[in-house]
Amino acid sequence: MEKRKLGNSGLEVSALGLGCMGLSFGYGPATDQKEAIQLIRYAFESGITFFDTAECYGPFTNETLLGEALEPFRDHIVIATKFGFEDGDSKKGLDSSPARIRIAVEGSLKRLRTDRIDLLYQHRTDPNIPIEEVAGTVKDLIKEGKVKHWGLSEAGSETIRRAHAELPLAALQSEYSLFYREPEKDILPVLEELGIGFVPFSPLGKGFLTGAIDSTTTFDPTDFRNIVPRFSAENRKANQNLVELVKSIALQKEATPAQVALAWLLAQKSWIAPIPGTTKIHRLQENIGAASLKLSHADIQQIEDAASRITIQGARYPADLQNRVGK
């Protein structure tokens, strides 16, 4: 698979990474341990070298899973993880105090069975801790060899600038897809200006852009999408126009809707590396196929023209979670 560099950091990753959260957390019951390990190792054997996790996925179980799955080829991959919640639990408050960051990193190193974290993100901006203090703590961890690069997740442009001035960022991770294009306004220009890579999560719109979800779909009671306004039955029905657009392009390209959605993201900037997640090997194979699907300028323009006439209905987060974003 093609490799990409995240901005000016020199950190090289596969063009597509693997978002591992859904194997343990967020989208219904956890995947069987053996099946999850098989999927992660299949991803590596297929050219994916970039794996994303966080201490709060579980909490902790996702990092433990990755530690076991990735240990045999640790020196050939890039592992990204995150800190930023009280006791490592996203249901609790934000906590990016220096002491908490150190506890998080020590725990992550142990669970991931490694001596260094390739890319360490602050999961959400903590309004109680100046970002300069966060950067200073990470800088010390880099000096100690425990962290190689750092980044932010879902941060706003002001925080990105302040953090980068203190300690250059390798990447920002935020949601970005044909289903959610807000980063194009403020975030992408700042990243390009500063030479910071971009790692879009939910690049398939939490599954919506695959075409496998419609207004009649029911989710597991523990599935996060049950509380997402954009995924109400009414809004799913209203947003089908976007799925039909992606399907029509896929038909032309002899590809799948998911492949078109991922290829569109890859075509936006050379320093973008999306991290689609899945629990199924056939979906993983499908996603990997997107890395070799090239959309022409005319294809991109066709998508833009059609998408500009579609208004997406529904917020991407409930209000309490949106309050943690873009600070």
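Right above here is the structure, for reference.
In this convention, every chain numbers its residues from 1, walking through the sequence in written order. Given that the model is predicted, a residue must reach a pLDDT of at least 70 before its local features are reported, and side-chain atom pairs must reach 80 or more before they are shown or counted; all residues, however, enter totals for whole chains, interfaces and linings. Derived side-chain values reflect all non-hydrogen atoms in the structure, with water molecules and hydrogen atoms excluded from consideration.

### Points about the pairing of strand β8 (residues 171–175)
Consideration 1: Burial classes: relative accessible area under 20% of the type maximum marks a residue as buried, over 50% as exposed, and values in between as partly exposed (1.4 Å probe, protein chains only). Numbering of helices and strands runs from the N terminus, with a helix taken as a DSSP run of H or I at least four residues long and a strand as a DSSP run of E at least two residues long. Most of β8 sits out of view: 5 of its 5 residues are buried.
Consideration 2: Burial along β8 is two-sided: Ala171, Gln173 and Glu175 facing one way and Leu172 and Ser174 facing the other are all buried.
Consideration 3: Of the pairings in the sheet, the one linking strand β7 (residues 147–153) to β8 comprises 3 bridges and is parallel in character. Bridge pairing in β8 places glycine 151 opposite alanine 171.
Consideration 4: Seen with the strands pointing away from the viewer, any crossover whose path from the first strand over the helix to the second strand runs clockwise is right-handed. Taken together, β7, helix α5 (residues 157–166) and β8 constitute a β-α-β crossover, and its handedness is right-handed.
Consideration 5: Only strands that DSSP links by at least two bridges are regarded as paired with each other. Bridge analysis of β8 against strand β9 (residues 197–201) gives 5 bridges, and the strand direction is parallel. Residue pairing for β9: serine 174 is matched across the bridge by proline 200.

### Remarks on the packing of aromatic side chains
Consideration 1: Classification of ring pairs rests on two measures: the distance between centres of Phe, Tyr or Trp rings, Trp counted by its six-membered ring, which must be within 6.5 Å, and the angle between planes, read as stacked under 30 degrees, edge-to-face over 60 and tilted in between. Counted by the stated rule, this structure contains 9 aromatic pairs.
Consideration 2: Ring centres of phenylalanine 219 and phenylalanine 231 lie 6.0 Å apart, and the angle between their planes is 70°; on these two criteria the pair is classed as edge-to-face. Of this pair, phenylalanine 219 sits in the loop between β9 and α7 (233–238) while phenylalanine 231 sits in the loop between β9 and α7, and the two are 12 residues apart along the sequence. In terms of burial, phenylalanine 219 and phenylalanine 231 fall into one category: buried.
Consideration 3: Geometrically, the ring pair formed by phenylalanine 224 and tyrosine 317 is edge-to-face, given 6.2 Å between the ring centres and 65° between the ring planes. With a gap of 93 residues between them, phenylalanine 224 in the loop between β9 and α7 and tyrosine 317 in the loop between α11 (297–307) and α12 (319–322) connect regions that are remote in the sequence.
Consideration 4: What links up through ring pairs into an aromatic cluster is the set Phe179, Phe208, Phe219 and Phe231.

### Observations concerning the packing of helix α1 (residues 33–45) against helix α10 (residues 281–289)
Consideration 1: Direction vectors running N to C along α1 and α10 enclose 20°, while the axes themselves pass 10 Å from each other. Of the possible angle classes, the one that applies to α1 and α10 is roughly parallel. In this structure, α1 crosses over α10, and the sense of that crossing is right-handed. In contact with Gln38, Leu39, Tyr42 and Ala43 of α1, α10 contributes Ile281, Leu284 and Gln285.
Consideration 2: By the convention adopted, Pro, Cys, Tyr, Trp, Phe, Met, Ile, Leu, Val and Ala count as nonpolar, Lys, Arg, Asp and Glu as charged, and the other residues, Gly among them, as polar. Per-class residue counts for the contact of α1 with α10 are 5 nonpolar, 2 polar and no charged. Angles shown run from 0 to 180 degrees and are taken between the N-to-C directions of axes, each axis being a line fitted to C-alpha atoms and, for helices, limited to the stretch in contact. For classification purposes, angles smaller than 35 degrees are called roughly parallel, those larger than 145 roughly antiparallel, those between 65 and 115 roughly perpendicular, and all remaining angles oblique. The handedness criterion is simple: a crossing whose near helix is rotated anticlockwise from the far helix by less than a right angle is left-handed, and one whose near helix is rotated clockwise is right-handed. Any two residues having at least one pair of non-hydrogen atoms within 4.5 Å are treated as being in contact.

### Let's talk about helix α4 (residues 131–143)
Consideration 1: Residue count minus one, scaled by 1.5 Å, sets the expected span of a helix. The end-to-end C-alpha separation of α4 is 18 Å, in line with the 18 Å expected for 13 residues at 1.5 Å each.
Consideration 2: Those residues of α4 that fall on the buried side of the exposure criterion are Ile131, Val134, Ala135, Thr137, Val138 and Leu141. Take α4 and look down its axis: the buried residues cluster within an arc of 160°, on one side only.
Consideration 3: Buried residues belonging to α4 abut β5 (78–83), α3 (98–111), β6 (117–122), β7 and α5.
Consideration 4: Backbone geometry just downstream of α4 places glycine 145 in the positive-phi region, at approximately 85°. In this description, the arc belongs to the directions extending from the helix axis to the C-beta atoms.

### A few points about the pairing of β5
Consideration 1: Most of β5 is tucked away: 6 of the 6 residues are buried.
Consideration 2: Here β5 shows no split at all, with Val78, Ala80 and Lys82 on one side and Ile79, Thr81 and Phe83 on the other all buried.
Consideration 3: Pairing geometry for strand β4 (residues 50–52) and β5, over 3 bridges, is parallel. Bridge assignment links phenylalanine 51 to a residue of β5, and that residue is isoleucine 79.
Consideration 4: In terms of handedness, the path from β4 via helix α2 (residues 61–70) over to β5 forms a crossover that is right-handed.

### A few points about unusual backbone geometry
Consideration 1: Note the cis peptide between glycine 58 and proline 59, where omega equals -5°.
Consideration 2: With respect to the helices and strands, the residue proline 59 is situated in the loop between β4 and α2.

### Re the packing of helix α9 (residues 257–268) against α11
Consideration 1: Packing of α9 against α11 leaves a shortest axis separation of 11 Å and a crossing angle of 105°. Here α11 runs roughly perpendicular to α9, going by the angle between their axes. Between α9 and α11, the contacting residues are Val260, Trp264, Ala267 and Gln268 on the first element and Ile300, Ile303 and Glu304 on the second.
Consideration 2: Residues of the contact of α9 with α11, tallied by class, amount to 5 nonpolar, 1 polar and 1 charged.

### What about helix α6 (residues 187–194)?
Consideration 1: Taken as a whole, α6 has its buried residues at Ile187, Leu188, Val190, Leu191 and Leu194. Relative to the axis of α6, the buried residues are bounded by an arc of 160° and lie together on one face.
Consideration 2: Structurally, α6 contributes buried residues whose contacts are with α5, β8 and β9.
Consideration 3: Count one or two residues on from α6 and you reach glycine 195, which has phi positive near 75°.

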